[in-house]
Amino acid sequence: MHHERVRAVDPAVADALDAEVSRQHDTLAMIASENHASQAVLEAQGSALTNKYAEGYPGERYYAGCEHADEVERLAIDRAKELWGAEHVNVQPHSGTQANMGVYLTTLDPGDRILSLDLSHGGHLSHGHPANFAGKLYEVAHYEVDPETGYIDYEELRETAEEFDPDIVVSGYSAYPRAVDFERVQEAADAANAYHLADIAHITGLVAAGVHPSPVGIADFVTGSTHKTIRAGRGGIIMTSEEHADAIDAAIFPGGQGGPLMHNVAGKAVGFAEALEPEFEEYASRIVENARALGDAFEASGLTLVSGGTDTHLVLCDLRESHPETTGGDAEGALEDVGIVLNKNTVPGETRSPFNPSGIRAGTAALTTRGFDEAACREVGDLIARIVDDPEDADVRGEVSDAVDRLCEEHPIYE
Ligand code: DSN
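Calculation notes
Residues numbered from 1 in each chain as written. Predicted model: local features only at pLDDT ≥ 70, side-chain atom pairs only at ≥ 80, totals over all residues. Heavy atoms only, no water. Helix = DSSP H or I, 4+ residues; strand = E, 2+ residues; numbered from the N terminus. Rg over C-alpha atoms; globule rule 2.2 N^0.38 Å. Buried < 20%, exposed > 50% of the residue type's maximum accessible area, 1.4 Å probe, protein only. Areas by Shrake-Rupley, 256 points an atom, 1.4 Å probe, with all protein chains shown as cover. Core = buried A, V, L, I, M, F, W, Y, C linked by side-chain atoms within 4.5 Å. Axes fitted to C-alpha atoms, helices over the stretch in contact; angles between N-to-C directions. Left-handed = near helix turned anticlockwise from the far one by under 90°. Contact = heavy atoms within 4.5 Å. Nonpolar A, V, L, I, M, F, W, Y, C, P; charged D, E, K, R; others polar. Salt bridge = Lys/Arg side-chain N within 4 Å of Asp/Glu carboxyl O. Pairing = 2+ DSSP bridges. Near = heavy atom within 4 Å. Polar contact = N/O pair within 3.5 Å; in protein donor to acceptor, adjacent residues only side chain to side chain. Phe/Tyr/Trp six-rings, centres within 6.5 Å; stacked < 30°, edge-to-face > 60°.

Enquirer: It is not clear to me how the overall build of the chain should be interpreted in this structure. Could you clarify?
Expert: Broken down by element type, the chain carries 16 helices and 15 strands. Expected size for 415 residues packed as a compact globule is a radius of gyration near 22 Å; at 21 Å, the chain falls within 12% of this value. Viewed in the frame of its principal axes, the chain has a C-alpha envelope of about 65 × 60 × 35 Å. Across the 415 residues that make up the chain, the buried fraction comes to 55%. Counting only carbon and sulfur atoms, one obtains 47% of the accessible surface of the chain, whose full area is about 17100 Å².

This is the structure:
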């Protein structure tokens, strides 16, 4: 993939874009929130729809000339309804965080209460971190995972909900490797007479494919991003019932956003069409099988997995027991040097700073897109463990780097 037209006007940016394509080809993308969108999705996102203002919704726009924008947005909505079975879908949120903002604007007044999972236990900034708008505008309390098992403690969640009396309970997480029991979160929300927002940003594709239980029809609101386990390009999405449809639409536009990014809506439409193909279910199942294989390799090498394994696309590794002197940042840096790109991550009961925490998080969605199977993911797990064991050993670094090069060559991404 080259960028000839960009090069003709801006060689510096063209160099960076070409280099980014090479970087993605030459390294293993294991940041659990990343994936490789298809060239069809990239083309849609790079289309002339970037020029079009289309405030409003299909058939009810504030500008003329929206007939093709309408068609694209209707296709995205219809396909999303088919994928997730929701009554009402809004495909305009620019991101998962703005999808969450739309739900908060719909359900909360400033000062109202959010109950969500603690960030260091796997939550997300937009679930009420003090540095995020949600933490500044609303009163926030957190539930946690069980320190022994690493699983959500649903009893504690229910008790905290009864004590804190939230207006909304948030489920859905960024670094939680286990299947979420949305019914039990709903019970806690019901006990507090609160709304339930299920933020499935990480598992949107797994839910669409039926390899993770769906919160649609259980939670009042379901939000997601469209570029993680579903490969529909950057963006957010909200699903809800007819009851909340008008309020959600008004919260996104004009409530929280101006003109929708129609080129991104086109990317969503194309990515959703791809996900409706039967192969997508197989892809999503393989993501989870690959994550299990990766986790098995970690455990066989003596690394500790939070919750002892995974039901999803990611594994979270707590380095404190096996490598007390190694921080997540040390591991992330040493792995990046050999072409394995994952992220340092806080772990439940974190004892270090979020800037240099005690864990690493690794996902298999992007590797699976490249055709990695369980054996290849086990090999990647072994390679990661070798680097974590001996980050400074030149021989180990050379061997791992060579193996990464071979795996990348065997699994090309773009033409
Ligand atoms: N930044 C994303 C993640 O890595 O989980 C979530 O927004």
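So, next bit.
Enquirer: Please explain the nonpolar core as it appears in this structure.
Expert: For soluble globular proteins, nonpolar side chains are generally found buried alongside one another. If you look at the biggest cluster of nonpolar residues, it comprises 59 residues, and the most contacted ones within it are Trp-84 and Phe-272. The biggest single contributor to this core is helix 4 (residues 67-84), with seven residues. In this structure, Ile-340, Val-380, Ile-384 and Val-396 belong to the second largest nonpolar core, which totals 34 residues.

Enquirer: Sorry if this is basic, but what is going on with the packing of helix 12 (residues 279-300) against helix 15 (residues 374-389) here?
Expert: Angle between the axes and distance between the axes: these two values describe a pair of packed helices. Running from amino to carboxyl end, helix 12 crosses helix 15 at an angle of 35 degrees, the nearest separation of the two axes being 8 Å. Judged by the sense of rotation from one axis to the other, the crossing of helix 12 with helix 15 is right-handed. Residues Glu-289, Asn-290, Ala-293, Leu-294, Ala-297 and Phe-298 of helix 12 form the contact with helix 15, whose own contacting residues are Glu-374, Cys-377, Arg-378, Val-380, Gly-381, Asp-382 and Ile-384. Here the residues of the contact of helix 12 with helix 15 sort into seven nonpolar, two polar and four charged.

Enquirer: Explain the pattern of salt bridges to me, please; I cannot follow it from the model alone.
Expert: Any two side chains of opposite charge can pair if their charged atoms end up close together. For the structure shown, the criterion picks out 17 salt bridges. A salt bridge links Lys-344 to Glu-332, with the shortest nitrogen-to-oxygen separation between them at 3.7 Å. Here Glu-332 lies in helix 13 (residues 328-337) and Lys-344 lies in strand 14 (residues 343-345), a separation of twelve residues in the sequence. In this structure, Arg-397 and Asp-337 form a salt bridge, with 2.7 Å as the shortest nitrogen-oxygen distance. On the criterion of sequence distance, the pair formed by Arg-397 in helix 16 (residues 394-410) and Asp-337 in helix 13 is long-range, its members being 60 residues apart. Judged by relative accessible area, which is 23%, Arg-397 ranks as partly exposed. The class of Asp-337 is exposed, set by a relative accessible area of 53%. Through salt bridges with shared partners, a single network forms among Arg-7, Asp-15 and Asp-18.

Enquirer: What is the right way to look at the sheet that holds strand 15 (residues 359-363) in this model?
Expert: Read across the open sheet, the four strands follow the order 11-12-15-14; overall the sheet is antiparallel. Looking at which strands have only one partner, the edges of the open sheet turn out to be strand 11 (304-305) and strand 14. Here helix 12 sits on the sheet in contact with strand 11, strand 12 (314-318) and strand 15, set at roughly 20 degrees to strand 12.

Enquirer: Looking at this structure, I do not really get the site of the ligand. What am I missing?
Expert: Around the ligand, a shell composed of Ser-33, His-124, Ser-174, His-202, Lys-228 and Arg-361 is seen. Residue His-124 places a side-chain N or O atom 2.9 Å away from an oxygen atom belonging to the ligand. At a separation of 2.8 Å, an oxygen atom of the ligand approaches a polar side-chain atom of Arg-361. When the ligand sits alone it has 230 Å² of accessible area, and the protein chains cover 62% of it.

Enquirer: When you look at the environment of Arg-370 in this model, what are you seeing that I'm missing?
Expert: For Arg-370, the position within the fold is in the loop between helix 14 (365-369) and helix 15. Arg-370 sits 43 residues away from Ile-413 along the chain, and the two C-alpha atoms are 5.8 Å apart. When residues no more than four places from it in sequence are discounted, the contact partners of Arg-370 are Gln-24, His-25, Thr-27, His-36, Cys-408, His-411 and Ile-413. At 2.7 Å, the side chain of Arg-370 forms a polar contact with the backbone oxygen of His-25.

Enquirer: Before we go on, may I ask you to explain the packing of aromatic side chains in this structure?
Expert: Remark: the centre distance and the inter-plane angle together describe each pair of aromatic rings, the angle taken between the planes. In the structure shown here, the tally under the stated rule is nine aromatic pairs. Each ring, one from Tyr-173 and one from Tyr-176, has its centre 5.4 Å from the other, and the planes form 75 degrees; the classification is edge-to-face. A relative accessible area of 7% means that Tyr-173 is categorised as buried. Members of the aromatic cluster, joined through ring pairs, are Tyr-104, Phe-133 and Tyr-138.

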